[in-house]
Amino acid sequence: MAVVPVLVINSGSSSLKFSLFDMTTGNDILSGSVDRLNTRNAELNWHQAQKKHTTPLPDQGHSGALQAVNNLVTRLSLKEPLAGIGHRVVHGGETFTDSARITEATLHGIETCANLAPLHNPANVLGIQVMQALYPSVPQVAVFDTAFHQSLDPEAFLYAVPMKLYREQGVRRYGFHGTSHKYVAQQAVQQLALNPESHAIITAHLGNGCSATAISDGFSIDTTMGMTPLEGLVMGTRSGDIDPGLHEYLSEQLGWSIADVTQMLNRDSGLLGLSELSNDMRTLTEAAAGGHRQARQAIDVFCFRLARQIGGLAASLGRLDALIFTGGIGENAADIRANVLQRLGVFGFELDHDLNMAHGDSRGQISTSKGPVAAVIPTREEWMIAQDTLRLINETPTN
């Protein structure tokens, strides 16, 4: 059977990730990342056939990094040319309700959303433009973090601020991690034998960035992140929800600018800020077990806020069939899952300790047969992007 290769590019502000899939099997041909772009320590790290490789790329930016990825793909001497290239794009605003073939109009639409994601969308556009130059004849697709949440009703996405800010400036809740939430919800329906036409699921994507989403019959109806990825849950270095009056208070008391406060809320808060130790849940769990009081407190705040938000999302659904944990923390931190489920006793969750420690049975389930299901399902965002890329290419073939 011929290989059908699709390359996925995630071009971030200071790093980029890539995966090359064989769409006939779903297997990774290779994957990797370029970290610390535009620094002397920039390097290409990649995996193939379970072997790790590292190539220094000192002082290289996005263009040099993507050229290195191109050289790597070429060096593999693939028997089949790329069928397509999929790009993760963080913000699609209200312009994009689905993934889209990349055209000049698509690029313009992404650029017009740049004010909503100034650190991400310009880097996403740059990645697209470089890959278009390297592969001018290969169809390319943009897959948006926000698209899955465009099914939210106004009652869920509007802020209680003057409506002209929404009409004129696009001030509203958009939600993120949409590719992950969509994939995990689809897998949950299959693995847990839920009714495809009638289900109520909450998905909790927990990593350095965290969000949870209420999904009804395959559609996102509420989510924790808002206009930016700062709203919602406690995260690795992001605060999540805070009183907006904090900006004025810190300005008056410390003379901080809006930029100073925003930097603090995005980079110096969350688990890192609370613990004053680390943004990594693994480090905090070990430290808490050793008696580190602030690490324990950071974990408790994280779990309390997550449980509270899950309760709110359940109110949006009206019923709850399953709660799914995913992402680096959600998939691997059994203690965190147990902590959260203990706080959600009102819903009737009953944790199976052994299944939880094993990260789920063959279906991913970590709860007993009583009450709603709790499960662990690994996310595959890059695979979802590859699938969407091939779908769009097949729907609109190149003339």
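Residues numbered from 1 in each chain as written. Predicted model: local features only at pLDDT ≥ 70, side-chain atom pairs only at ≥ 80, totals over all residues. Heavy atoms only, no water.

For the chain, the count of helices and strands is 15 helices and 13 strands. For 399 residues, the compact-globule formula gives about 21 Å, and the C-alpha radius of gyration of the chain, at 21 Å, lands near that figure. Expressed as lengths along the three principal axes of its C-alpha atoms, the size of the chain is roughly 55 × 55 × 45 Å. Taking all 399 residues of the chain together, 51% fall into the buried category. Taking the contacts inside the chain whose residues are at least 6 apart along the sequence as the reference set, 62% of them involve residues at least 24 apart. (Helix = DSSP H or I, 4+ residues; strand = E, 2+ residues; numbered from the N terminus. Rg over C-alpha atoms; globule rule 2.2 N^0.38 Å. Buried < 20%, exposed > 50% of the residue type's maximum accessible area, 1.4 Å probe, protein only. Contact = heavy atoms within 4.5 Å.)

With that settled, consider the sheet that holds strand β10 (residues 210-216). On the basis of which strands lie adjacent, the open sheet formed by 5 strands has the order β11-β10-β9-β12-β13 and mixed pairing. Only two strands of the sheet have a single neighbouring strand rather than two, namely β11 (219-223) and β13 (373-376). Between one strand and the next, the sheet's axes are offset by a mean angle of 25°, whatever the strand orientation. The pairing of strand β12 (residues 322-326) with β13 spans 4 bridges and is parallel. The residue of β13 that forms the bridge with Leu-323 is Ala-374. Helix α13 (residues 334-343) rests against β12 and β13 of the sheet, and its axis sits at about 155° to β12. (Pairing = 2+ DSSP bridges. Axes fitted to C-alpha atoms, helices over the stretch in contact; angles between N-to-C directions.)

Evaluated as defined, the whole model comprises 3 aromatic pairs. Summarising the aromatic geometry, the rings of Phe-21 and Trp-383 are spaced 5.4 Å apart at their centres and angled 55° between planes, so their arrangement reads as tilted. With Phe-21 in strand β2 (residues 16-22) and Trp-383 in helix α15 (residues 381-395), this pair connects stretches of sequence that are 362 residues apart. Among the residues examined, Phe-21 registers a relative accessible area of 3% and is labelled buried. Residue Trp-383 is classed as buried on the basis of its relative accessible area of 12%. Both rings, one in Phe-157 and one in Tyr-166, keep their centres 5.7 Å apart while their planes meet at 45°; by these two values the pair is tilted. Owing to a relative accessible area of 8%, Phe-157 belongs among the buried residues under this scheme. Positioned above the aromatic ring of Phe-157, the side-chain terminus of Arg-172 is 3.7 Å from the ring centre. We note Arg-172 situated over the ring of Tyr-174; from NZ or CZ to the ring centre the distance is 4.8 Å. (Phe/Tyr/Trp six-rings, centres within 6.5 Å; stacked < 30°, edge-to-face > 60°. Lys NZ or Arg CZ within 6 Å of the ring centre and 35° of its normal.)

Next up on the list: the packing of helix α2 (residues 104-112) against helix α3 (residues 121-134). Between α2 and α3, the shortest axis-to-axis distance is 9 Å and the interhelical angle comes to 160°. Judged by the inter-axis angle, α2 sits roughly antiparallel to α3. Considering how the two elements wind past one another, α2 and α3 form a crossing that is left-handed. On α3, the residues touching Leu-107, Ile-110 and Glu-111 of α2 are Asn-121, Val-125, Ile-128, Gln-129 and Gln-132. Each residue belonging to the contact of α2 with α3 can be placed in one class, and the counts come to 4 nonpolar, 3 polar and 1 charged. (Parallel < 35°, antiparallel > 145°, perpendicular 65-115°, else oblique. Left-handed = near helix turned anticlockwise from the far one by under 90°. Nonpolar A, V, L, I, M, F, W, Y, C, P; charged D, E, K, R; others polar.)

Okay, the environment of Pro-56 next. Following the sequence through the fold, Pro-56 ends up in strand β5 (residues 51-56). Pro-56 has contacts with Ala-42 and Glu-43, leaving out every residue within four places of it along the chain.

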